Amino acid sequence: MLTPQEWEVLGLSLRVALACVLISLPAAVAVGWVLARRDFPGKFVLDGLCHLPLVLPPVVTGYLLLRLFGKRGLLGPLLDGIGLSLAFDWKGAALASAVVAFPLSLRAVRLAIEDVDPRLEGMARTLGAGRVRAFLTVTLPLAASGLWVGALLAFARSLGEFGATITFVANIPGETRTIPLAIYTSLNQPGGEAAALRLVWISVAVSLAALLGSEWAARRRKRG
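What comes next is a walk through the structure. Here the structure is a predicted model, which means the values were calculated and not measured. (Residues numbered from 1 in each chain as written. Predicted model: local features only at pLDDT ≥ 70, side-chain atom pairs only at ≥ 80, totals over all residues. Heavy atoms only, no water.)

**What about the state of the cysteines?**
Then, number 1: Counted by the stated rule, this structure contains zero disulfides.
Then, number 2: In this structure C20 is not part of a disulfide, and its nearest cysteine sulfur, from C50, lies 15 Å away.
Then, number 3: For C50, a relative accessible area of 9% corresponds to the buried category. (Disulfide = S-S within 2.5 Å. Buried < 20%, exposed > 50% of the residue type's maximum accessible area, 1.4 Å probe, protein only.)

Following this line, the structure appears as C-alpha cells:
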C-alpha cells in the first residue's frame, strides 16, 4: 500500500503528465502538419528549433522558462496581471514537461501525417470540404494512432522530467514535487534510501505502463 505522501506525489505527477499532454499535443499537431505538408524558406530552422529541447540540457530549458515566465521574467508580470502564475506552481511544472516532451510528440505526429496520402485531402476538398474540415475529417482520423503515440511519449517523458522542473518551479511539497523530485529529496535525507526505492518502483511501474501503451499504439498504426 502507498503512504499518503506517496499518493500525493503520484497524484501530482499524473496531473502534471496529463496537463503536459494537453499542452504539447495540440502544438505538435499544428506544427507537425506544417512540417509535413508545407515547404517554405527557413523550414529547416523551424524544424531545428522545435527539436532543440532534445539536445539542450534540461536545466538550460528550465532557466530559459524562468527568464520568460518567472516573476521578474519577460512575460511573468503580464501573467500575474491576469492572475496566472507559472513559476513555483504545478502549472509551471506541466509547461516545463511539455516543452521538453514536445519534440517527441512532434516527431510521432509528423510521421503519422506524412503517411496519410495528401490526395485524400484533395479529394475531400473537391467534394466541398474546406482545408480545415478536410484535415479534421480525413487526415486527423487516419493519423490518430500516431497522435496516441505522441501523447503517450509525452506522458512518459513528463513522468521522468527533473532538470527543467526543479529549475523553473523548484521542489515544493504538494505543489511541484513530482516523483523524480521526491526521489531526489529522499536520497538527500538521512535514512531516505527505502523511501526513494519505493518511489523508484512506482515510477518504473507507471512509466512502463505508458511505454507499453505507446508500443501498442505504434504497432496498431503499423498494421493500419
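The structure having been displayed, the exposition proceeds.
**With respect to the nonpolar core**
Then, number 1: Within the largest apolar cluster, 36 residues are counted, with the highest numbers of intra-cluster contacts made by L106, V109 and F155.
Then, number 2: Of all the secondary-structure elements, those providing two or more residues to this core are α1 (4-37), α6 (90-114), α9 (144-159), α11 (179-187) and α12 (193-223).
Then, number 3: Among the elements that line this core, the one with the most residues is α1, at eleven residues.
Then, number 4: Residues within four places of F155 in sequence aside, it is in contact with L14, A17, L18, V21, V206 and A210.
Then, number 5: One finds V16, L79, A96 and F168 within the second-largest nonpolar core, a separate group that totals 16 residues. (Core = buried A, V, L, I, M, F, W, Y, C linked by side-chain atoms within 4.5 Å. Helix = DSSP H or I, 4+ residues; strand = E, 2+ residues; numbered from the N terminus. Contact = heavy atoms within 4.5 Å.)

**Some points on a nonpolar patch on the surface**
Then, number 1: On the surface, F44, V45, L49, L52, L54 and V55 cluster together into a nonpolar patch covering about 620 Å² of accessible area.
Then, number 2: Tracing the backbone through its elements, the reader meets V55 in helix α3 (residues 52-55). (Patch = residues over 30% accessible without salt bridge, like charges linked within 9 Å, V, L, I, M, F, W, Y side chains within 5 Å. Areas by Shrake-Rupley, 256 points an atom, 1.4 Å probe, with all protein chains shown as cover. Salt bridge = Lys/Arg side-chain N within 4 Å of Asp/Glu carboxyl O.)

**A word on the packing of aromatic side chains**
Then, number 1: Per the stated rule, a full pass over the model turns up two aromatic pairs.
Then, number 2: For the cation-ring pair, R15 lies above W90, with the distance from its terminal atom to the ring centre recorded as 4.6 Å. (Phe/Tyr/Trp six-rings, centres within 6.5 Å; stacked < 30°, edge-to-face > 60°. Lys NZ or Arg CZ within 6 Å of the ring centre and 35° of its normal.)

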